[in-house]
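Read off the chains here:
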Amino acid sequence: MQWQGRQGSENVEDRRGQGGSSGGFSGNFGGNLGGLLGGKGCGCGGGIGTIIVILVLWLMGVNPLTLLQLSSELPTQQTQTGEYQSSAEEDSMMRFSEVVLKLTEDVWTDIFNQMGKTYRKPTLVFYTQGTQSGCGVADAAVGPFYCSADEKIYLDLSFFNQMATQFHAGGDFAYAYVIAHEVGHHVQKLLGTLDQVNAQMARSSKTVANELSVRLELQADFYAGVWANHTDSQFHILDPGDIEAALNAASQIGDDTLQKETQGYIQPDSFTHGTSKQRYTWFNKGYKTGDISYGDTFSANPL
Ligand SMILES: [Zn+2]
């Protein structure tokens, strides 16, 4: 992706090095995988540390019991002292993310205009370890997520390294897909889908709620694909292999693939984000059509 030298978004907050309010669960990678790329509609305010983290993780499909056991062994406060030292590589990834965010702003502003609507731009928050969000305390180990209460996307840049080394999903356009997926949740918020589905999930059994979550996540993948289509045709900055890298990332973070890797078996009832094939298919559909009217994952059957 040819992003160098392009204008970045100004809707960012750099909270790196400001310390976190929780010690992090980085040693418990398996237990946290279910939360990858989550979009949360929780308007819970926040401030009660562990309880909020657990609630948030539960909403993202992570078993809170695992975390309860772990969190009791972790320090509850961790404050960094001195100035934050970032590497040149990390600064470059931050610049890259700002450029991607700007590209999503341009594309979605156009699409919303065509629908006679106004696109309200979300904020991208860069943080390390942990930070306060409108949905509670964010921990780096939960992976990138969108909080609809404050309309912000939370990103710890080290996640991109994890994608490359642990998920076999490296490449700049794979990282762009992650940001575009979170922006997809923001689009759902603006279109009213997120609140509607969250309300429905609150009234449903766990199994039904999980299925609704899958449909929500696949739609965010679809919107990421729509964004990729428009970025490609309007700005001509994609390199050969970019779309394949994003499709590979979508596939590598499918629930079935992650469960097989982390627990050795698959539990379809517990899926919250969709299988590898479904994630691949919906991103690809968005990319091929470039038209949000093809993204009704809620009436699609089978998915
Ligand atoms: Zn998501």
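Residues numbered from 1 in each chain as written. Predicted model: local features only at pLDDT ≥ 70, side-chain atom pairs only at ≥ 80, totals over all residues. Heavy atoms only, no water.

Right, let's talk about the overall build of the protein for a bit. Of the regular secondary structure elements, the protein holds eleven helices and seven strands. The 303 residues of the protein split such that 54% are buried. Contacts in the protein between residues far apart in sequence, at least 24 positions, make up 77% of those at least 6 positions apart. (Helix = DSSP H or I, 4+ residues; strand = E, 2+ residues; numbered from the N terminus. Buried < 20%, exposed > 50% of the residue type's maximum accessible area, 1.4 Å probe, protein only. Contact = heavy atoms within 4.5 Å.)

This part covers the confidence of the model for the protein. On average, residues of the protein score 84 in pLDDT, and 79% of them reach the 70 mark or higher. Of the regions scoring below 50 in pLDDT, residues 41-47 engages in 20 contacts with residues more than four places distant in sequence or in other chains. Low confidence marks residues 63-78, where pLDDT is under 50. Its contacts with residues over four positions away, or in another chain, come to 25 contacts. (pLDDT = per-residue confidence, 0-100.)

Moving on to helix α9 (residues 242-252). Taking burial as the measure, the eleven residues of α9 include eight buried ones, the bulk of the element. Looking at α9, one finds that the buried residues are D242, I243, A245, A246, L247, A249, A250 and Q252.

With that settled, consider the packing of aromatic side chains. Per the counting criterion, the structure on display carries twelve aromatic pairs. Ring geometry for F145 versus Y154: centroids 5.1 Å apart, planes at 15 degrees, classification stacked. With respect to burial, F145 and Y154 carry one shared label: buried. Arranged with centres 5.6 Å apart and planes meeting at 10 degrees, the rings of F173 and W227 form a pair that is stacked. (Phe/Tyr/Trp six-rings, centres within 6.5 Å; stacked < 30°, edge-to-face > 60°.)

What follows is about helix α4 (residues 88-114). In a regular helix each residue adds 1.5 Å, so 27 residues correspond to 39 Å; α4 covers 40 Å between its end C-alpha atoms and thus fits that length. Taken from the residues just after α4, G116 is the one with a positive phi, measuring 75 degrees. (Expected span 1.5 Å × (residues − 1).)

Before going further, it helps to spend a moment on the pairing of strand β3 (residues 123-127). A large share of β3 lies buried, amounting to five of its five residues. Because side chains alternate across β3, one face comprises the buried residues T123, V125 and Y127, and the other comprises L124 and F126, equally buried. When strand β1 (residues 12-15) meets β3, the two strands line up parallel, connected through four bridges. Bridge pairing in β3 links V12 to L124. Both β3 and strand β7 (residues 152-155) contribute to a ladder of four bridges, which runs parallel. Residue pairing in the sheet places V125 in a bridge with Y154 of β7. (Pairing = 2+ DSSP bridges.)

The subject of this paragraph is the packing of α9 against helix α11 (residues 276-289). Packing of α9 against α11 leaves a shortest axis separation of 7 Å and a crossing angle of 145 degrees. Seen from above, α9 lies across α11 with right-handed handedness. Note on element contacts: α11 touches α9 through S276, R279, Y280, F283, N284 and Y287, opposite I243, A246, L247, A250 and S251. Of the residues assigned to the contact of α9 with α11, the class counts are seven nonpolar, three polar and one charged. (Axes fitted to C-alpha atoms, helices over the stretch in contact; angles between N-to-C directions. Left-handed = near helix turned anticlockwise from the far one by under 90°. Nonpolar A, V, L, I, M, F, W, Y, C, P; charged D, E, K, R; others polar.)

Right, let's get into the nonpolar core. Ranked by internal contacts, the top residues of the largest apolar core, which has 65 residues, are M1, W108, F160, M163, F173, Y177 and W227. When near neighbours in sequence (up to four residues on either side) are disregarded, W108 contacts Y119, V183, V187, Y223, V226, W227 and I292. One finds V125, C135, A138 and V142 within the second-largest nonpolar core, a separate group that totals eight residues. (Core = buried A, V, L, I, M, F, W, Y, C linked by side-chain atoms within 4.5 Å.)

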